[in-house]
Amino acid sequence: MPGISGNSAVTRSTLRQQIADALRDEVLAGRLQPGQEFTVKEIADQYGVSATPVREALVDLSAQGLLEADQHRGFHVREYSLDDYRGLVEARSLVTDGMFQALGEGHRGFRDPDDPRTSAALTGVRRRGEEAQRAATAGDLTVLIGYDLRFWRELSGLFGNPYLSDFLHRLRVQSWVCAVQHLRRLTDLRGRLWAGHTELVDALVRRDTDAARSIIAAYNAHSVALIERLAGS
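Please read all numbers here as calculations on a predicted model, not as lab measurements.

Asker: Got a minute to help me understand the packing of helix H6 (residues 141–157) against helix H7 (residues 162–183) in this structure?
Answerer: The axes of two packed helices give the description: the angle between them and the distance between them. Between H6 and H7, whose axes approach to 9 Å, the crossing angle comes to 160°. Looking at the two axes, H6 sits roughly antiparallel to H7. Along this stretch, H6 crosses H7, giving a crossing that reads as right-handed. Contact with H6, carried on its side by Leu141, Leu144, Ile145, Asp148, Leu149, Trp152, Arg153, Ser156 and Gly157, involves Leu164, Ser165, Asp166, Leu168, His169, Arg172, Val173, Trp176, Val180 and Leu183 of H7 and no other residues of that element. Grouping the constituent residues of the contact of H6 with H7 by class yields eleven nonpolar, four polar and four charged.

Asker: Teacher, can you tell me more about the confidence of the model for the chain here?
Answerer: As a note on interpretation, predicted positions should not be read in detail where pLDDT is low. Averaged over every residue, the pLDDT of the chain is 88; the share at 70 or more is 90%. Mean pLDDT in the chain bottoms out at helix H1 (residues 8–28), which sits at 81, and peaks at H6, which reaches 95. Below a pLDDT of 50 lies the segment residues 1–10, which in the model reaches one contact outside its immediate sequence neighbourhood of four places, other chains included.

Asker: Just to check I follow, could you spell out H7 for this structure?
Answerer: Along an α-helix, a turn takes 3.6 residues, which lines up residues three or four apart on a common side. With 22 residues, H7 should cover 32 Å at 1.5 Å per step; its first-to-last C-alpha distance of 30 Å lies within 8% of that length. Here H7 starts with a cap whose side-chain oxygen sits 3.0 Å from the backbone nitrogen of Tyr163, and that cap is Asn161.

Asker: Got a minute to help me understand empty space enclosed by the protein in this structure?
Answerer: Empty space among the atoms becomes apparent when a probe as large as a water molecule is rolled across them. In total, this model carries two cavities of 30 Å³ or more according to the counting rule given. What the largest cavity holds in volume is close to 170 Å³. Along its surface, the largest cavity is lined by 16 residues, and Tyr85, Trp176, Leu193, Tyr219 and Ser223 are the ones closest to its centre. Among the secondary structure elements, those contributing two or more residues to the lining of the largest cavity are helix H4 (82–105), H6, H7 and helix H9 (209–232). Ranked by the residues each element gives to the lining of the largest cavity, the list is headed by H9, at five residues. Here the lining of the largest cavity is built from residues that sort into ten nonpolar, four polar and two charged.

Asker: Help me understand the packing of helix H8 (residues 197–205) against H9, please; the structure alone is not making it clear to me.
Answerer: Two elements in contact, H8 and H9, have axes whose closest approach is 8 Å; the angle formed by their N-to-C orientations is 160°. The pairing of H8 with H9 is recorded here as roughly antiparallel in orientation. As H8 runs across H9, the sense of the crossing is left-handed. Within the contact between the two elements, H8 uses Glu199, Leu200, Ala203 and Leu204 and H9 uses Ala211, Ala212, Ile215 and Ile216. For the contact of H8 with H9, the class distribution of residues is seven nonpolar, no polar and one charged.

Asker: What exactly am I supposed to notice about the pairing of strand E2 (residues 67–70) here?
Answerer: Along any regular strand the residues' side chains alternate between the sheet's two faces. Pairing of E2 with strand E3 (residues 74–77), which is carried by four bridges, proceeds in the antiparallel orientation. Within the sheet, the bridge partner assigned to Leu67 lies in E3 and is Val77. Hairpin connection of E2 to E3: three residues between the antiparallel strands, including His72 at a positive phi of 65°.

Conventions and cut-offs
Residues numbered from 1 in each chain as written. Predicted model: local features only at pLDDT ≥ 70, side-chain atom pairs only at ≥ 80, totals over all residues. Heavy atoms only, no water. Axes fitted to C-alpha atoms, helices over the stretch in contact; angles between N-to-C directions. Helix = DSSP H or I, 4+ residues; strand = E, 2+ residues; numbered from the N terminus. Parallel < 35°, antiparallel > 145°, perpendicular 65-115°, else oblique. Left-handed = near helix turned anticlockwise from the far one by under 90°. Contact = heavy atoms within 4.5 Å. Nonpolar A, V, L, I, M, F, W, Y, C, P; charged D, E, K, R; others polar. pLDDT = per-residue confidence, 0-100. Expected span 1.5 Å × (residues − 1). Polar contact = N/O pair within 3.5 Å; in protein donor to acceptor, adjacent residues only side chain to side chain. 1 Å grid on protein atoms, 1.4 Å probe; cavity = no way out; pocket = protein on both sides within 12 Å on 5 of 7 lines; lining within 4 Å. Points joined across faces, edges and corners; volume = space filled by probe spheres on them. Pairing = 2+ DSSP bridges.

Shown next, in the form of structure tokens:
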């Protein structure tokens, strides 16, 4: 911005993140379809900003696996296959299994549930889980995705490893992007979506890793079976 040279880098960085977040939400909402193409100029004109933060945001989303660059033409929304979805579910399962193993072995892992700070954080995680469950029961996919991502981000944060938390968040965003292209075709999702968030929190608070693994295994089986049925139809 002219005349704000001292804050220009901060302003551009903020715009970059805002544009990336907005486009990610467009993909998750199904308004940007798999394979849909666009240029930096088109996005810059849409948001009324310069090309630089837009280009940076699109590069960020490409690095996260949501977009792909078309040489000399622009970008398009990445198209995930059914095998991609199975692979993403397997990958995120391996991450959560490592979290549960750390919890069971008592090293690094889950912070002490009796610690007031952890207790407060768990209250927040449970609240996100309750909201996610309500959205899943109502079949509100947009609300569910928002709360589900926050739930897993905050839950994984309790394990004290930001790299793990960031990696799991990326996997979950990618798996939602893949699933959305199928789920958005259904007019009524009530009772079709997984809603075991608080059950998982309860198992982790009890340090019952076997129960936690069973919950995740059932969740993954349910998710893969649903997407396979929709892809087949």
